[in-house]
Amino acid sequence: MISLQEVKEARERISAIAHITPILQSEQLSKLCGNQLFLKSEHLQKTGSFKIRGASNKVIHAIENGAKYVTAASSGNHGQAVAYVANKYGVPATIVVPETVSKCKVNAIQAYNGKVEMCGTTSAERIPRAQAIADLENGIFIPPYDDPFIMAGQGTVGLEILDQVEHVDAIIVPIGGGGLLSGILTAIKETNPKIKVIGVEPELADDTYLSLQNKKITAIDATATIADGLRSSQPGDLTFPVLMKYLDDLVLVSEEEIRQAFSFVLERTKQLIEPSSATTVATAMFNKVNIQGKNIVTVISGGNVDLDKVHQLM
């Protein structure tokens, strides 16, 4: 378990790199959802997603402790973030990505001087490969989610929400491996436990849902959900206990619901967000949590989308 103090320390450590992202609103979206809806816009974050927060916290700490080389396993966003921070500090990085990775994410990793290696389609395949490369090269593996520094860094999103939105009733957060959700849960529940925190997964990537149902970590096979950032095989050993302790609810959204939310946000707010981010909007749009007339924050986790594939997501 991480602490609120660790999240606050992470905010100080990453302050020179990560942006304080804006809160956006859409009157039409709020009316459709029956709530006052706020979008915590991490798609406008440096490198295009929240991942820069945890990556900065972990990589900076590693470099301060002598790291000369880092590796990461990522479907794209975490890899971009690790490559960016490592490049900023003059440390080489190798990022292991799935064979199905988005072209725009590979391009971004390479633009930050990161070396890209493709391996399989699941986190269960690419994480061991990235760890092995780190061992061979006497480097440090930067986990995508299951690490106290990663979790604390992601939790800074929660601290910002508390600063930016008065009278928050609920926060909806997407779940991959659980780093973002566990960090936000720690920041919110150790500050104001009355605020509900709700997780959301695609129906086709329901490893955390099954794990919570079974009360133990449960893995799933590779999935083809359009929410490519949420294709983790299972929640983390460190993140899952935080979810078990604090999470108020977890819901599932269909591929069609994700598409409709993606299209609505693009057409009505002119914001291009990832399908992974659209899961939180879909949760509100389709009233998955039976909340009405409240202040709800949806975490828009990223905006790295291949432009030539946008038409396939609508």
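Residues numbered from 1 in each chain as written. Predicted model: local features only at pLDDT ≥ 70, side-chain atom pairs only at ≥ 80, totals over all residues. Heavy atoms only, no water.

A. Spotlight on the layout of surface pockets. By volume, the largest pocket amounts to about 290 Å³. What lines the largest pocket is a set of 16 residues, and nearest its centre among them are Ser102, Ile226, Asp228, Lys309 and Leu313. The residue makeup of the lining of the largest pocket, split by class, is five nonpolar, five polar and six charged. Considering the residues around the second largest pocket, the lining is formed by 14 residues, among which Ile127, Tyr145, Asp146, Gln234 and Gly236 are closest to the centre. If one sorts the elements of the lining of the second largest pocket by residue count, helix 6 (residues 123-136) sits on top with four residues. In the lining of the second largest pocket, the residues fall into seven nonpolar, five polar and two charged. (1 Å grid on protein atoms, 1.4 Å probe; cavity = no way out; pocket = protein on both sides within 12 Å on 5 of 7 lines; lining within 4 Å. Points joined across faces, edges and corners; volume = space filled by probe spheres on them. Nonpolar A, V, L, I, M, F, W, Y, C, P; charged D, E, K, R; others polar. Helix = DSSP H or I, 4+ residues; strand = E, 2+ residues; numbered from the N terminus.)

B. Summary view of the nonpolar core. Counting 34 residues, the largest nonpolar core has Ile171, Val173, Leu181, Leu185 and Val299 as the members making the most contacts within it. Broken down by element, the residue count for this core peaks at six residues, all from helix 8 (residues 179-189). Apart from the residues within four sequence positions on either side, Val299 is in contact with Lys40, Val157, Ile161, Ile171, Ile172, Val173, Pro174, Leu180, Ile184, Ser277 and Thr280. Formed by 31 residues, the second largest nonpolar core is a distinct cluster that contains Leu230, Val251, Ala282 and Leu313. (Core = buried A, V, L, I, M, F, W, Y, C linked by side-chain atoms within 4.5 Å. Buried < 20%, exposed > 50% of the residue type's maximum accessible area, 1.4 Å probe, protein only. Contact = heavy atoms within 4.5 Å.)

C. A look at the sheet that holds strand 7 (residues 170-174). Ordered in space as 1-2-10-7-8-9, the six strands form an open sheet in which the pairing is mixed. Because the sheet does not close on itself, it has two edges, and the strands there are strand 1 (23-25) and strand 9 (249-253). The mean angle between the axes of side-by-side strands here comes to 30°, regardless of whether they run parallel or antiparallel. Bridging between strand 1 and strand 2 (residues 36-41) involves three bridges; their strand directions are antiparallel. Looking at the pairing, Ile23 lines up with Lys40 of strand 2. Helix 7 (residues 148-164) contacts strand 1, strand 2, strand 7 and strand 10 (295-300) of the sheet and is inclined by roughly 135° relative to strand 2. (Pairing = 2+ DSSP bridges. Axes fitted to C-alpha atoms, helices over the stretch in contact; angles between N-to-C directions.)

In short, shape yes, function no, at least from these values alone.
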